[in-house]
Structures are given as C-alpha cells and as structure tokens.
Amino acid sequence: MSIQNNVKFSDFPLRETIHQSIRQAGYECPTPIQAACIPPALEGKDVIGLAQTGTGKTAAFAIPIIQRLTGRPELGALVLAPTRELAAQTTVMFDQLGKSSGIRVATIVGGVPMEEDDESLRSWPNVLVATPGRLNDHIENGRVLLAEIEVLVVDEADRMHDMGFIPQIRRILAALPKKRQTMMFTATLPGDVEQIARKSMRDPVRIQIGQCAPAHRARQELFELAEEAKGPLLMKLLAKTTGRVLVFVRTRRGVERLARTINSRRFKALRIHGDLEQVRRDRALADFRNGLCHILVATDIAARGLDISDIEHVINYDFPHNAEDYIHRIGRTARLDASGLATSFITRDDSRFVKYVRNLIGDKLPPPTRLESYVASTPKAMGPRRSPSRGSRRRTGSRKQ
Ligand code: AMP
C-alpha cells in the first residue's frame, strides 16, 4: 500500500523511546489508519476503526497505549483478539514498539497449559493480550485482576462475532472498570458488534479506511472449473510458484486431505486449522515464516491476523462463503507495499458467493476464466476425495475451521 498522507510520526507527541522503536521497525510514515487513529487515541478518545489486517491497525492502537502506560507499574491495557495467532502477532508488535519504553506484555490464549498463563501474569505486565475464552476462565477463577484497566481494545470484532465470542466479550466488559478508553477495530459492523459499540463506548471517533485496501493491491484471478479438477490445477500452480503460497480450504478435514494430497506429490505442505494443538500450529507458522516450507494449507483461521510479509500467492482452493473472508484471505498477500497474486477456484455451486464478493468490491473482482477442459468432469481426479456429505456444501457457516 502506498502510504499517501502528509503525516509524519514526528508530528505525534510521543516519547523519544517510542520514536526510536518506530524507526527501528523501519516505519517511515504512518499508514492511513495510524494517521487517523493515533491523534484521537492519544487524547484518550474512544475509537472505532473500520479497517482490516494489513492496514497497520495494530500499531495504530499499540503506539497510544505504549505512550500512556510507559513508566507505570499497573496492568493498564487489555487487547482482545479472536485467534491465538493474532494475539501472538499483537504481542510481538507491543514488544517491538514498547520494549525499549519498558512496556511489559503478557499473552493468555487457549490451547496452552493454564500454569504458563500464571507465569506470564506474574511478570507484572502493563498490557494483556488475550483471547476471550481463556480470559474468562481466568476472570472466573479470580486469577486476573482487571480493576486498573484504562484502555480496552477489541480487535477484529467482526471475527469475534463470526466465531461466537460476543457473549464472552459481554462478560469481559462487565468485569472491566466503566471509566476507560475503548478502541474497537473491525472490517464490518455486524448488528451485535454495533450494539456492543453503542453500549460500551463513549462518543467514539469513527475512522473508516478503504474497506478493500488489500484487494486493490493483489492481482486477482478466478477460474471456473469442476470440483474434481481443482487438484490438477492446484498442482500446476504450485509448480509455477517459487515463493510462499497460502492455500485456503473451507474445512479442517479438507485441509488435512489436501495437505496429504500435496505431500504425496513432489511438494511439501504445512497445514493449520482449529483442530491442531497450539504447538503444532505455532510450529507450522514458524516453518512457513522462516522458509523451511513454502506451502501452507489453511482454513480461514489463518486468514485473519496472519502477518507474514511476503506471501506471493494466495489460492482459494475453496471459495469462501463469506465476502469479508475473501477480502481477508487475499489480504494475506500484497501486505503493505508488496504485491501479490490471489487465485480463486470456483465451481458452479459457488456462483452466489462470488456475487457476494462482487457486491462488496465491485469490478475489482475480475470475471472468471472458464477452464472448459476443467469444467467438464476430469476422469481421473487427483484432488482430495470428498466425504459423502460434501454434496451439501450449500449449508453454509457451520463448518469448523
Ligand atoms: P497490521 O495491519 O497491524 O497487521 O500490520 C500489517 C503490517 O504492516 C505489519 O507487518 C506491520 O509491521 C506493518 N506496518 C505497520 N505500520 C507500518 C508503517 N507505518 N510503515 C510500514 N509498515 C508498517
């Protein structure tokens, strides 16, 4: 993304240690969401940021929090993230920008033993980054005291909504001091989220950053083909790509099957989905990030928050049933200044989902190329075998990621 504004970080009244960390991170100018969000956030105002990952939103809330909490002993800020991966990345950002200001950050997420959380909570953090379920466990057990929280960030609130976290968030809100600054970041505002914002925020400053920013940058292509022809086309694309490839599949079982198929060819693929233990998810991400393996097969869980800078190619092996997921998926490539390619496979069953995306981003979504030879059933398919229930793909939204 070209950063087109005349704002400079030096325009913000930040501590010198923070300016130094920003320079060390290599950020030259604020991104649009940072330019719009940092000033009101520094003034302690509530903020609703309508922006997605890839826009620089994490630093947009981290910088004002670091400024506010530097030199203070208490746990003053809570950041809620929908997934462990996003929580991990947010923690890294706080470390990167806040460590030299003495900011201590702790992360508590599901999937790791509770004792590890106790250890991080004992480190007297200033900032707590948490997923809602695990935080509620701690609140119920009285293991975490939120009485001094002055700043709450609800990150990717729309995702929290999709994942059924709204009741958890309500419980957390009830445990927080009423007098606080609240910042919410979301790509869309589903009804429940808007209601939470209305009830729990004071006169928020609303900031909307081009909804489809990542979609502008990634080159997109769509292929219309038969379900069983996806495998052969995928292998061709994998053979052509030398950089990192992220392949999206709709279900956990689908990820397992496709990763196996790819590995049985001459490629090596990692996999990540919600059924895998945290250590295995972390290891897959680390191996993908450090280049040990350049193919990652994932459910949408990896679409949000995953911050790996140079993904060359995103392949929607299964087209998403939710238009925002499309934006998030293709936003994994073309992060900030990079450009990338997003290829989507669509079958006849997908036409209405393609329409949803077109309604959202208009003609930035190119027309599909019909692969005639692939549309007609290929006799010996090499794609992953379908389970019998696969025919009922029209039932949307209930599959586990
Ligand atoms: P986010 O949207 O917070 O996930 O950030 C996406 C990526 O942008 C991360 O890799 C950040 O390190 C990077 N980033 C954040 N702010 C800036 C900036 N002002 N200039 C360049 N890169 C940035």
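Cut-offs used in this document
- Residues numbered from 1 in each chain as written.
- Predicted model: local features only at pLDDT ≥ 70, side-chain atom pairs only at ≥ 80, totals over all residues.
- Heavy atoms only, no water.
- Helix = DSSP H or I, 4+ residues; strand = E, 2+ residues; numbered from the N terminus.
- Buried < 20%, exposed > 50% of the residue type's maximum accessible area, 1.4 Å probe, protein only.
- Contact = heavy atoms within 4.5 Å.
- Areas by Shrake-Rupley, 256 points an atom, 1.4 Å probe, with all protein chains shown as cover.
- Pairing = 2+ DSSP bridges.
- Salt bridge = Lys/Arg side-chain N within 4 Å of Asp/Glu carboxyl O.
- Core = buried A, V, L, I, M, F, W, Y, C linked by side-chain atoms within 4.5 Å.
- Phe/Tyr/Trp six-rings, centres within 6.5 Å; stacked < 30°, edge-to-face > 60°.
- Lys NZ or Arg CZ within 6 Å of the ring centre and 35° of its normal.
- Axes fitted to C-alpha atoms, helices over the stretch in contact; angles between N-to-C directions.
- Parallel < 35°, antiparallel > 145°, perpendicular 65-115°, else oblique.
- Left-handed = near helix turned anticlockwise from the far one by under 90°.
- Nonpolar A, V, L, I, M, F, W, Y, C, P; charged D, E, K, R; others polar.

### Here we look at the overall build of the protein chain
Along the backbone of the protein chain there are 16 helices and 14 strands. Residues classed as buried in the protein chain amount to 58% of the 401 residues present. Restricting to contacts in the protein chain with at least 6 residues of sequence separation, those with at least 24 account for 77%. On the protein chain, roughly 17,100 Å² of surface is accessible, and the fraction owed to carbon and sulfur atoms is 50%.

### Some words on the pairing of strand β13 (residues 341-346)
In terms of residue burial, β13 counts as a mostly covered element, since six of its six residues are buried. Of the two faces of β13, the one holding Leu341, Thr343 and Phe345 and the one holding Ala342, Ser344 and Ile346 are both buried throughout. Pairing of strand β12 (residues 311-316) with β13 involves four bridges; the strand directions are parallel. Note that in β13 the partner of asparagine 316 across the bridge is serine 344.

### Thoughts on the pattern of salt bridges
A full pass over the atoms with the stated rule returns 19 salt bridges. A salt bridge links glutamate 74 to arginine 72; the shortest N-O distance between them is 2.5 Å. On the basis of relative accessible area, glutamate 74 is assigned to the buried category, the value being 15%. You can call arginine 72 partly exposed: its relative accessible area is 25%. One salt bridge in this structure joins lysine 230 and glutamate 227, with 3.3 Å as the shortest N-O distance. For the pair lysine 230 and glutamate 227, a shared accessibility class is recorded, and that class is buried.

### Side note on the sheet that holds strand β11 (residues 295-298)
The strand order across the open sheet built from seven strands is β10-β11-β9-β12-β13-β8-β14, with neighbouring strands paired in parallel fashion. Either end of the sheet is taken by a strand with one partner, and the two such strands are β10 (269-272) and β14 (369-370). Strand direction decides the pairing type here: strand β9 (residues 244-248) and β12, joined by five bridges, are parallel. The residue bridging arginine 244 from the neighbouring strand is isoleucine 311, located in β12.

### Looking at the nonpolar core
Counting residues in each nonpolar core, the largest one holds 38 residues, and the members touching the most others are Phe61, Ile63, Ile65, Phe94, Val127 and Met183. Within the residue set of this core, elements represented by two or more residues are α1 (16-24), α2 (32-42), α3 (57-69), β2 (77-80), α4 (84-98), β4 (127-130), β5 (151-154) and β6 (181-186). Ignoring sequence-local partners within four residues, the contact set of phenylalanine 94 consists of Phe61, Ala62, Ile65, Ile66, Val79, Lys99, Val105, Val127 and Val129. Of all hydrophobic cores here, the second largest spans 29 residues; its members include Ala130, Ile166, Leu173 and Leu176.

### Thoughts on the environment of proline 13
Residue position: proline 13 is located in the segment before α1. The exposure class assigned to proline 13 is exposed, which follows from its relative accessible area of 62%. Distance from proline 13 to leucine 42, taken between C-alpha atoms, is 8.6 Å for residues 29 residues apart in sequence.

### Overview of the packing of aromatic side chains
Under the criterion given, the structure shown has six aromatic pairs. Here phenylalanine 9 and phenylalanine 12 contribute two aromatic rings whose centre-to-centre distance is 6.1 Å and whose plane-to-plane angle is 75°, an arrangement assigned as edge-to-face. For the residue pair phenylalanine 9 and phenylalanine 12, the accessibility class agrees, reading buried in each case. A centroid spacing of 5.8 Å and a plane angle of 70° characterise the contact between phenylalanine 353 and tyrosine 356, whose relative ring orientation is edge-to-face. Here the residue phenylalanine 353 and the residue tyrosine 356 both occupy positions in helix α15 (residues 351-361), the gap between them amounting to three residues, near one helical turn. Among the residues examined, tyrosine 356 registers a relative accessible area of 35% and is labelled partly exposed. Above the plane of the ring of phenylalanine 288 lies arginine 244, whose end atom (NZ or CZ) is 5.8 Å from the centre.

### Focus: the packing of α2 against α3
Taken N-terminus to C-terminus, the directions of α2 and α3 make an angle of 25°; their axes are 9 Å apart at the nearest point. Relative to α3, the element α2 lies roughly parallel. Relative to α3, the crossing made by α2 is right-handed. When α2 is examined against α3, the residues Ile33, Gln34, Cys37, Ile38, Ala41 and Leu42 are found in contact with a partner set consisting of Lys57, Ala59, Ala60, Ile63, Pro64 and Gln67. The residue inventory of the contact of α2 with α3, partitioned by class, reads nine nonpolar, two polar and one charged.

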